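Okay, here's what each chain looks like letter by letter:
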Amino acid sequence: MRVADPKARVEDTLRELDDLHERQGQLHEKLRKRLDPVLASVSPPAVQLDSDAWADALRDAARRDLAAAKTLAASMDEHAGAVAMLLQMVFEKLAKAYLARTEWNAFVKHRRSHAAAYLFTQALKRNRERLPKVGASSRVLLWVEALTRAHPAIAKSGPHLEYPWEQGGRVCSPSRDLPIVHELSDLQSGAAPHLLKFAAYFIDNFDEVFR
Amino acid sequence: VQPAISDQARKLALEHRKSDPELFEVYVAPGADEVRMVEVSKSAYTTREVIPFRFGARPESELPFDTVMVLLSLEELQLLRDEKLELPEGWGEFGGLILVYREDDAGG
């Protein structure tokens, strides 16, 4: 029924507005409940400890990954893909240890990044002379670059170490079709011994690198 | 930017071009007693992350300042211009950067 009284009409409209506000609040709360867990899953917990503690922990983790890579490298042909993935993890941890030691705020912000190793390798390639104690030859850095590039975060839909991909009418696999894995299993290339040695040297001389 | 900082940045840019012939532009962020370089390369992959890496001064190589560099792809340069990406904390905004190298400088 149409309300003719202007005052009553205004009161009705205000009530409708109140209802709308209430429903908006309920919707807001409902959305917040859904989004909070998503936010929590993408935001890492706050950092409590200092840069030395983080750098040391990352270096230790890199050392363990490297030990596993060395063990698998003994049966190289069969496990070249796994050795490549382990070395990729070694260099990611070393890049983050370096970041923790030298640019703490950036480390806190990017500590879960999968691009850090690729970006560190690019920076290292350009500044090799300024880190003589790292002992990186340009040849070794090309292999490290190939490894760090072969990560889904960098390669995107292109070939990488984790999953097969389609190319030329067939499904390609990292162990069969990724050049860096071939190089790791190729004794003549020298990639495996050089990369294992470079990673070990970087880990062992980590504290010297900054002097 | 102190002239000495710009000089070191330009010297490094010309050096970096040797290992990266696709180096496109290099900028310096002002306001610090160190070289804060933003290198843009056509060869860089797009990661949408701007992570600074620090390298110590080497006075014996005529590089008296620490160098902190970030590497960007062309796409990331545009994102930075559009304020969809941020420079590292304390580096200011894209508009405050000073261009010290572009690929046309290839003659050195």
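Residues numbered from 1 in each chain as written. Chains lettered and ligands numbered in written order. Predicted model: local features only at pLDDT ≥ 70, side-chain atom pairs only at ≥ 80, totals over all residues. Heavy atoms only, no water.

Colleague: When you look at the interface of chain A and chain B in this model, what are you seeing that I'm missing?
Modeller: Size of an interface: often given as the accessible area lost when the parts come together. If you look at the interface, chain A gives 30 residues, while chain B gives 27 residues. With both sides pooled, the region where chain A packs onto chain B buries about 2,500 Å², and carbon together with sulfur makes up 58% of that total. Applying the counting rule to chain A against chain B returns 3 salt bridges. Between Arg 54 of chain B and Glu 103 of chain A there is a salt bridge, with the nearest N and O atoms lying 2.6 Å from each other. Counting across the chain A and chain B interface gives 12 residue pairs in polar contact (both at pLDDT 80 or more). Among the secondary structure elements, those contributing two or more residues to the side of chain A that touches chain B are helix 3 (76–102), helix 4 (104–110) and helix 5 (116–126) of chain A. Per element, the largest residue contribution to the side of chain A that touches chain B is 9 residues, and it comes from helix 5 of chain A. Residue classes in the side of chain A that touches chain B are distributed as 14 nonpolar, 7 polar and 9 charged. (Contact = heavy atoms within 4.5 Å. Buried area = accessible area lost by both parts, 1.4 Å probe. Salt bridge = Lys/Arg side-chain N within 4 Å of Asp/Glu carboxyl O. Polar contact = N/O pair within 3.5 Å; in protein donor to acceptor, adjacent residues only side chain to side chain. Helix = DSSP H or I, 4+ residues; strand = E, 2+ residues; numbered from the N terminus. Nonpolar A, V, L, I, M, F, W, Y, C, P; charged D, E, K, R; others polar.)

Colleague: How do you make sense of the pairing of strand 1 (residues 23–28) of chain B when you look at a structure like this?
Modeller: Successive residues of a regular strand alternate their side chains across the two faces of the sheet. Residue and element names in this part refer to chain B. Summarising burial for strand 1: 5 of the 6 residues are buried, a large majority. Sheet topology places strand 1 next to strand 2 (residues 35–41); 5 bridges connect them, and they run antiparallel. In the sheet register, Glu 25 faces strand 2, and the bridge partner there is Val 40. With antiparallel pairing between neighbouring strands as the criterion, strand 1 and strand 2 make up a hairpin whose turn holds 6 residues, including Gly 31 at a positive phi of roughly 90°. Examined bridge by bridge, strand 1 and strand 5 (residues 98–102) share 4 bridges and lie antiparallel to one another. Within strand 5, the position partnered with Glu 25 by the bridge is Arg 102. (Buried < 20%, exposed > 50% of the residue type's maximum accessible area, 1.4 Å probe, protein only. Pairing = 2+ DSSP bridges.)

Colleague: For this particular structure, what's the right way to read the packing of aromatic side chains?
Modeller: Each aromatic ring pair is characterised by the separation of its centres together with the angle its planes make. One pass over the structure, following the stated rule, counts 11 aromatic pairs over all chains. With a centroid separation of 4.8 Å and 40° between ring planes, the pair formed by Tyr 98 of chain A and Phe 120 of chain A is classed as tilted. In this pair, Tyr 98 of chain A sits in helix 3 while Phe 120 of chain A sits in helix 5, placing the two residues 22 residues apart along the sequence. The burial state of Tyr 98 of chain A is the same as that of Phe 120 of chain A; both residues are buried. Relative to Phe 53 of chain B, the ring of Phe 120 of chain A lies with its centre 5.2 Å away and its plane at 45°, an arrangement referred to as tilted. Note that Phe 120 of chain A is positioned in helix 5 and Phe 53 of chain B in strand 3 (residues 53–55), a pairing that runs across two chains. We note that Phe 120 of chain A, like Phe 53 of chain B, is buried. (Phe/Tyr/Trp six-rings, centres within 6.5 Å; stacked < 30°, edge-to-face > 60°.)

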